[in-house]
Amino acid sequence: MKSAHVDPLFWKDKKVFLTGHTGFKGGWLSLWLASMGAKVTGYALAPNTTPNLFHVLAIDSMIEKSHIADIRDLAGLQKAMSMAKPDVVIHMAAQPLVRYSYVNPVETYATNVMGTVHVLDGTRTIESVRATVVVTTDKCYENKEWVWGYRENEPMGGYDPYSNSKGCAELVTAAYRQSYFSAPNSSNKIASARAGNVIGGGDWSEDRLIPDAIKAFEANKPLLIRNPIATRPWQHVLEPLSGYLILAQALFEQGSAFTSGWNFGPCDEDNRAVQEVVELVISNWGDGACWEKEGLEQPHEASLLKLDCTKARTQLGWIPKWSLETAIQKIVQWQKAFQAKENMQEVSLAQINHYLNAK
Ligand SMILES: NC(=O)c1ccc[n+]([C@@H]2O[C@H](COP(=O)([O-])OP(=O)(O)OC[C@H]3O[C@@H](n4cnc5c(N)ncnc54)[C@H](O)[C@@H]3O)[C@@H](O)[C@H]2O)c1
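Quantities reported herein were computed from a predicted structural model and do not represent experimental measurements.

Caption draft 1: Examining the site of the ligand more closely. The environment of the ligand is formed by 26 residues, the closest being Thr22, Phe24, Ile71, Tyr162 and Lys166. In the environment of the ligand, an oxygen atom lies 3.2 Å from a nitrogen or oxygen atom belonging to the backbone of Leu45. Protein coverage of the free-state accessible area of the ligand, which is 820 Å², stands at 91%. At the level of elements, α2 (24-35), α8 (161-180) and β7 (197-199) are the ones that each hand at least two residues to the shell around the ligand.

Written out as structure tokens, the structure is:
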């Protein structure tokens, strides 16, 4: 199959309702959509880190409307959705951290499961919606600690509250699709997207490898690593975002053939151990950066996790473009530009253009 590309002509003037626009992935996606002329309405809580991509990229000034509000508030969410009259809904708002979810399981389930119910219920009553993408994660699968990549038809699971809440969000999505949107004449087509470990410039979240590394290196301290041999499917943030955009367009234009779950992960060789990733960051960062193993006992996290992305490659034409080496160079370049107080909208748009032009 020919490889698919994000199509700016499709996105121009499309009304997009994007939850989670104040977050890391949401910031990049808002910028990308706005740069193509899409009319984005964002819905999310206020950013909870300083600095944060929402402010650094001045997302507020680039999109049509920004609601700072809670997806657990059904009435508020549905009012915002009906005002926006979106063509496309991309649902990314979530409590996305594994360790935080151990301490705050109720909040995690309320946000990730009932939040998804609220968004999908909104799309049930708003006639304008033609395509909905629900963003979950590679961690939604029942993890068997095996070397093979998970395929889309494997059982949902999740050991910890975060992973499990995303497995539940997948089940909610499947139930809504079957119950309300399966008729051939149903105008809204729904799919879910399961991405790997996403990395990129402008992530300041707690308890994530790259943000922790940058914070440690900026402070001239060693990075403490919990589990250096754990492997993950690492990918630059623009990779899954391109997958979500290509998927939404396919749902909008071609409908039913695409209403299912989709994996968006890196090439096989970019499923790497944490230690290898950190050493790549260190060699790009320079300045005496180093790491040490954290001694404290940690809550359970999967050791082996890999996605099989054959379906996205063969049916959507989506393929990853940047190797892990390129992704890490881009992150270090972005963070150093931020330190140097460069115009981060320009730096980020240049990275998007570079990504689009990569073969
Ligand atoms: N970053 C990754 O490695 C990764 C990997 C796979 C999947 N994902 C998924 O991608 C999505 C975005 O993740 P991210 O990395 O940008 O996380 P993030 O923490 O940077 O952003 C989360 C967003 O959700 C919003 N949010 C959280 N609780 C909310 C609530 N109750 N009401 C309204 N908004 C709320 C936040 O305000 C923020 O805008 C999530 O669904 C996450 O599970 C992330």
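Caption draft 2: Looking closely at the nonpolar core. Counting 61 residues, the largest nonpolar core has Trp11 and Leu247 as the members making the most contacts within it. Examining the composition of this core, we find that 10 residues originate from one element, helix α10 (residues 238-254), more than from any other. Apart from the residues lying within four places of it in its own chain, the contact partners of Trp11 are Val6, Val16, Leu33, Met36, Gly37, Ala38, Val88, Leu245, Ala248 and Gln249. Leu209, Leu280, Val281 and Trp285 belong to the second-largest nonpolar core, a separate cluster that totals 24 residues.

Caption draft 3: Region of interest: the packing of α10 against helix α14 (residues 344-357). Two numbers describe how α10 lies on α14: the axes approach to 11 Å, and their chain directions differ by 70 degrees. When the axes of α10 and α14 are compared, the pair comes out roughly perpendicular. The hand of the α10/α14 crossing is right-handed. Taken together, the residues of α14 that come into contact with α10 (itself represented by Leu238, Glu239 and Ser242) are Gln351, Ile352 and Tyr355. Of the residues assigned to the contact of α10 with α14, the class counts are 3 nonpolar, 2 polar and 1 charged.

Parameters and conventions
Residues numbered from 1 in each chain as written. Predicted model: local features only at pLDDT ≥ 70, side-chain atom pairs only at ≥ 80, totals over all residues. Heavy atoms only, no water. Near = heavy atom within 4 Å. Polar contact = N/O pair within 3.5 Å; in protein donor to acceptor, adjacent residues only side chain to side chain. Areas by Shrake-Rupley, 256 points an atom, 1.4 Å probe, with all protein chains shown as cover. Helix = DSSP H or I, 4+ residues; strand = E, 2+ residues; numbered from the N terminus. Core = buried A, V, L, I, M, F, W, Y, C linked by side-chain atoms within 4.5 Å. Buried < 20%, exposed > 50% of the residue type's maximum accessible area, 1.4 Å probe, protein only. Contact = heavy atoms within 4.5 Å. Axes fitted to C-alpha atoms, helices over the stretch in contact; angles between N-to-C directions. Parallel < 35°, antiparallel > 145°, perpendicular 65-115°, else oblique. Left-handed = near helix turned anticlockwise from the far one by under 90°. Nonpolar A, V, L, I, M, F, W, Y, C, P; charged D, E, K, R; others polar.

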